[in-house]
Amino acid sequence: MESEPKKETEVAPALIAVHPDQSSVAVAVAVGPHLRVFDLAAGSAASLIDDSDAVPFHKDNIRAVRFAANGKLFVSAGDDKTVKVWSTQSWRCITTVSSEKRVTAVAISNDGTFVCFADKFGLVWVVDLDPPLLDKKPAPLLSHYCSIITSLEFSPDGRFILSADRDFKIRVTNFPNKPLNGAHQIQSFCLGHTEFVSCLAFVKSSQECPQGLLVSGSGDSTVRLWDITSGALLDTCEVAIKAGLLESNGKAEEHGHAVTDLWTVRDGLLVAVAIQSLHGIVLLNCNVSSQTLSVAKVVSVAGEAFVPTCLGSSSSTGNLWMVTGVSSLPGSNNPSLARVRVISGIDGKQESVVLEDESIPGGKKLLETLQGTASVDDNAFLAAAEAVKAAMYNLLIKKQYPSENREYRKKSRNDRKLKS
Amino acid sequence: MMKAKFELPVIGKELRRKHAFINSIYYTYKLRCELNLLKPFIIDMSETEVNPTISKSTRLPRKRFYRARAHNNPLSDSHFPVPISPSHVDYCLHYPQLFPSTGQADNSKKIQFADVGCGFGGLLISLSTLFPKTLMIGMELRDKVTEYAKEHISSLRVANPGQYQNVSVVCTNSMKYIPNYFKKGQLSKMFFLFPDPHFKEKNHRRRVTNPFLLDEYAYVLEDGGIIYTITDVEELGDWMKSCLENHPMFEALTEKELEANPVVKLSSSATEEGQKVARNGGQAFQAVFRRIVPTNQAS
């Protein structure tokens, strides 16, 4: 019984990242160990070059991908215990960093000089990208004791680094000038979630709030708004209930509706939220002056089973890119599955429409590149969504052992000092 | 009345070591105590109809009924409730006389001393009368030991009306959940007395004072707050001292300050572990540091 859960956590959700520049230069999708990039400017797939002799390309599931804020770098990292930094101009791997443990999250500092990555044991490491070398040694930055770190983010002004873990905590730490010596000054803890925190995103700074507000999604099916300087919880939005997925006091399926990903659109005034079991996304309004969150609308993807596993967009195109997929389906020999959809008009200026395959930027060619195939098998995607859900829970939800079991397990323990 | 082998633990430690046979029975007894299998047998003691775990003469709990292994897994976390945030800490559960009703959001008084790994509560009991106006709490991972400490405090509260109302213990994993209990800069003193040495190199990260956890301790301590550490293991003592020295947010107290501080002496003499070390003629290694704001903000 113990070995099965291990296999299920091997299943990794598909990830998407969109180049932050206005013209949406590239879209990258990672499914399992495969990293696929489509160059929208060139209108074709970008070929990735990796001649690092250590580990060319990724050998195991990729768990985190990200474009740098300045658009010049791209980072991918995962279960093969490596972090790869790519140049977005040439799509060549410029640095490969080895990690001791599997990597669960990555973040790039706003000026692109540091890459931080977090491993499964709660340690966050930092690498100095300047000068660029093919092999780099990371330095420990901070640690969440024995807790899987699910998300890493830099604050918009670059002063803080945020780390969220499966022990319901979000830690806001001052990012020092010399991060290789460690980040020791904790600014605050954002405590309030009642389940693992899965994703973080920032509402861009404004006059009222120069540091920016933080939105976080969690396994407790809520999205919360925080002031990171004080750690104060400003507002909670019960998205699963509001989206009609859960009854107000629904205890029936307690862990069915974790928030899987968040993305802020239009400088954060709108937040797109992906929830497990929801075929589509929920759009939330973030009101900076009243510091509240409210549901704007639910955009459903009709006609196919599409539960997004990851969201992405670039700042002002008004397109929200979504991907669903899984590295492999347990119990079958299926290769990895991925499906990309786009919602246009997400910034509210026009009607939000889920685009048909032909009308998305890059068209069918993009879909072929990023998905691996152009066709879609509905049943497979339903199974994929279930597999991803199960994997997430096995990884992030703590197993509860009843106290009778504990005593029973202690029985087999042998404390006797004198063995003979 | 049931006597004979169940009375063995009363024999001193020296005899325990010499007699292997009795030793094996003792440890079986200890283990079965933990599994509560002996409960039906113990109850047949005609002197006390009440809970036999409380001594009739002193009205204090008997340690032998609360024995537990000295080492507990610091990675464990699933058998106790954890407050969602510091404002969810139940003050009226811990300090009923000072916080009578749940509704009161009394922001004036907050816990200021924390004994991390408080064991049987020796230090807290001594500190309680020394600082009667300060709220203090002990955090301990072993639930049996926490129960003992709780019973001890309750009995003391009953025996000394008005006293010991400012001290309490909670069963929790302080390595994971300290930020859940205390706000930023809330504590003025933190104690790490005789922590688990975790001798093996690979287990060093499980030590309660490691460079990463010091960030969290610096967060909950106020500016100028003091951290007291002591151990009888020299290697651990050196390690804790160097961790603190290398951390930008802590500086050592001077000799003069150490002399002037009454709590420093208490940390080596007031705990059960400290008394055992003194009894065995061992040496204790202390490191007392103050929390500071780093000189250059961008360190």
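Residues numbered from 1 in each chain as written. Chains lettered and ligands numbered in written order. Predicted model: local features only at pLDDT ≥ 70, side-chain atom pairs only at ≥ 80, totals over all residues. Heavy atoms only, no water.

An unreviewed UniProt entry annotates chain B as tRNA (guanine-N(7)-)-methyltransferase of Flemingia macrophylla. According to the UniProt record, the Catalytic activity (unreviewed entry) comment for chain B reads "guanosine(46) in tRNA + S-adenosyl-L-methionine = N(7)-methylguanosine(46) in tRNA + S-adenosyl-L-homocysteine". Database annotation for chain B, UniProt heading Sequence similarities (unreviewed entry): "Belongs to the class I-like SAM-binding methyltransferase superfamily. TrmB family." (UniProt positions renumbered as here; feature names shortened; annotations may be inferred.)

Chain A appears in an unreviewed UniProt entry as tRNA (guanine-N(7)-)-methyltransferase non-catalytic subunit from Flemingia macrophylla. Regarding chain A, the relevant UniProt record gives this comment under Pathway (unreviewed entry): "tRNA modification; N(7)-methylguanine-tRNA biosynthesis." What UniProt records for chain A under Subcellular location (unreviewed entry) is the sentence "Nucleus".

Q: Help me understand the overall build of chain B, please; the structure alone is not making it clear to me.
A: Each helix and strand counted, chain B has 12 helices and seven strands in total. Per-residue burial over chain B gives 50% buried out of 299 residues. The long-range fraction of contacts in chain B, counting pairs at least 24 apart against all pairs at least 6 apart in sequence, stands at 77%. By element, 53% of the accessible surface of chain B is carried by carbon and sulfur atoms, the whole surface being about 14,900 Å². (Helix = DSSP H or I, 4+ residues; strand = E, 2+ residues; numbered from the N terminus. Buried < 20%, exposed > 50% of the residue type's maximum accessible area, 1.4 Å probe, protein only. Contact = heavy atoms within 4.5 Å. Areas by Shrake-Rupley, 256 points an atom, 1.4 Å probe, with all protein chains shown as cover.)

Q: Looking at this structure, I do not really get the pairing of strand S17 (residues 186–191) of chain A. What am I missing?
A: Along any regular strand the residues' side chains alternate between the sheet's two faces. Residues and elements named next belong to chain A. Buried residues dominate S17, accounting for six of its six residues. Examined bridge by bridge, strand S16 (residues 169–174) and S17 share five bridges and lie antiparallel to one another. In the strand pairing of S17, Arg171 is matched with Phe189. (Pairing = 2+ DSSP bridges.)

Q: Where do I start with the environment of A:Asp378 in this structure?
A: By the element assignment, A:Asp378 lies in helix H4 (residues 378–396). Taking the C-alpha atoms as reference points, A:Asp378 and A:Lys365, 13 residues apart in sequence, are found 21 Å from one another.

Q: Help me understand the sheet that holds strand S12 (residues 135–136) of chain A, please; the structure alone is not making it clear to me.
A: By definition, the strands of a sheet pair up through backbone hydrogen bonds, in either a parallel or an antiparallel sense. Strand order in this open sheet of five strands is S5-S6-S7-S8-S12 (chain A), and the pairing throughout is mixed. Sheet topology places strand S5 (62–67) and S12 of chain A at the edges, where each strand pairs with a single neighbour.

Q: I tried to follow the sheet that holds strand S6 (residues 250–252) of chain B on my own but got confused; where do I start?
A: Residue and element names in this part refer to chain B. Reading across from one edge, S3-S2-S1-S4-S5-S7-S6 is the order of the seven strands in this open sheet, with mixed pairing throughout. Every other strand in the sheet has two partners, leaving strand S3 (167–171) and S6 as the edge strands with one partner each. Pairs of neighbouring strands in the sheet enclose a mean axial angle of 20°, with direction left out of account. Note that strand S5 (residues 221–231) and strand S7 (residues 285–291) share six bridges and pair antiparallel. Following the sheet pairing, Thr229 is matched in S7 by Ala287. Its contacts with the sheet place helix H11 (residues 262–269) against strand S4 (187–193), S5 and S7, and it is angled at close to 35° to S5. (Axes fitted to C-alpha atoms, helices over the stretch in contact; angles between N-to-C directions.)

Q: Please explain the packing of aromatic side chains as it appears in this structure.
A: Working definition: an aromatic ring pair is given by the centre-to-centre distance plus the angle between the planes. Going through the model one piece at a time under the given rule, you end up with 18 aromatic pairs over all chains. Relative to B:Tyr177, the ring of B:Phe80 lies with its centre 6.2 Å away and its plane at 85°, an arrangement referred to as edge-to-face. Placement of the pair is B:Phe80 in the loop between helix H3 (39–42) and helix H4 (91–94) and B:Tyr177 in helix H7 (residues 174–181), with a sequence separation of 97 residues. Both residues of the pair, B:Phe80 and B:Tyr177, count as buried. Three or more aromatic residues joined by ring pairs make a cluster, and in this case those are B:Phe113, B:Phe131, B:Phe191 and B:Tyr228. A cation sits over an aromatic face here: A:Lys101 above A:Phe121, 5.5 Å from the ring centre. Its guanidinium or amino end placed over the ring of B:Trp239, B:Arg207 lies 4.7 Å from that ring's centre, counting from NZ or CZ. (Phe/Tyr/Trp six-rings, centres within 6.5 Å; stacked < 30°, edge-to-face > 60°. Lys NZ or Arg CZ within 6 Å of the ring centre and 35° of its normal.)

Q: Even after reading the chapter, I still don't get the UniProt feature "binding site: S-adenosyl-L-methionine" (unreviewed entry) in chain B, so can you show me in this structure?
A: All names here are of chain B. The feature "binding site: S-adenosyl-L-methionine" (unreviewed entry), as annotated in UniProt, sits at Gly117, Glu140, Leu141, Asn173, Ser174, Leu193, Thr271, Glu272 and Glu273 in this numbering. Summarising the element assignment, Glu272 is placed in helix H12 (residues 272–279). In this fold, Glu273 is placed in helix H12.

Q: I would appreciate a short explanation of the packing of H7(B) against helix H8 (residues 211–220) of chain B in the present structure.
A: Residue and element names in this part refer to chain B. Remark: H7 packs on H8, axes separated minimally by 10 Å, with the N-to-C direction vectors making an angle of 25°. Overall, the two elements H7 and H8 adopt an arrangement that is roughly parallel. Considering the relative orientation of H7 and H8, their crossing is left-handed. On H8, the residues that touch Met175, Ile178 and Pro179 of H7 are Leu213, Glu216, Tyr217 and Val220. The residue makeup of the contact of H7 with H8, split by class, is six nonpolar, no polar and one charged. (Parallel < 35°, antiparallel > 145°, perpendicular 65-115°, else oblique. Left-handed = near helix turned anticlockwise from the far one by under 90°. Nonpolar A, V, L, I, M, F, W, Y, C, P; charged D, E, K, R; others polar.)

Q: Teacher, can you tell me more about the nonpolar core here?
A: Soluble globular proteins tend to bury their nonpolar side chains together. Counting residues in hydrophobic clusters, the biggest one holds 44 residues, and the most contacted among them are B:Phe182, B:Met190, B:Tyr217 and B:Ile227. The biggest single contributor to this core is H8(B), with six residues. (Core = buried A, V, L, I, M, F, W, Y, C linked by side-chain atoms within 4.5 Å.)

Q: Looking at this model, I keep getting lost on the UniProt feature "active site" (unreviewed entry) in chain B. Mind explaining?
A: Residues and elements named next belong to chain B. Under the feature "active site" (unreviewed entry), the UniProt entry names Asp196. Relative to the assigned elements, Asp196 resides in the loop between S4 and H8. Classification of Asp196 by relative accessible area gives partly exposed; the value is 24%.

Q: Is there a simple way to think about the side chain of A:Arg36 in this case?
A: Residue and element names in this part refer to chain A. Here Arg36 is to be found in strand S3 (residues 34–39). Put simply, Arg36 is tucked away with no salt bridge, and the nearest opposite charge, on Glu368, sits 11 Å away. Within the local environment of Arg36, its side chain forms a polar contact with the backbone oxygen of Gln371, the two atoms lying 3.4 Å apart. If we skip the residues at most four places from it in the chain, Arg36 touches Val27, Ala28, Val29, Val31, Ser336, Thr369, Leu370, Gln371 and Gly372. (Lys, Arg positive; Asp, Glu negative; His and termini not counted. Salt bridge = Lys/Arg side-chain N within 4 Å of Asp/Glu carboxyl O. Polar contact = N/O pair within 3.5 Å; in protein donor to acceptor, adjacent residues only side chain to side chain.)

Q: Is there a simple way to explain helix H9 (residues 234–246) of chain B in this structure?
A: Quick reminder: α-helices carry 3.6 residues per turn. Residues three or four places apart thus point the same way. All names here are of chain B. Given a rise of 1.5 Å per residue, 13 residues ought to cover 18 Å, and the 18 Å separating the end C-alpha atoms of H9 matches this to within 8%. Three or more residues of H9 are buried, namely Leu236, Gly237, Trp239, Met240, Cys243 and Leu244. Projection of H9 onto a plane perpendicular to its axis shows the buried side chains occupying an angular sector of 165°, all on one side. Exposed residues lying more than 90 degrees from the buried face of H9 are Glu245 and Asn246. Where the residues of H9 are buried, they touch H8, S5, S6 and S7. (Expected span 1.5 Å × (residues − 1). Arc of directions from axis to C-beta.)

Q: How do you make sense of the pairing of S5(B) when you look at a structure like this?
A: Residue and element names in this part refer to chain B. Counting buried positions along S5 yields eight of 11 residues, so the element is predominantly enclosed. Alignment of S4 against S5, held across six bridges, turns out to be parallel. Within the sheet, the bridge partner assigned to Leu187 lies in S5 and is Leu221. In the classification by handedness, the crossover that spans S4, the intervening H8 and the parallel S5 is right-handed. (Right-handed = clockwise from strand over helix to strand, strands pointing away.)

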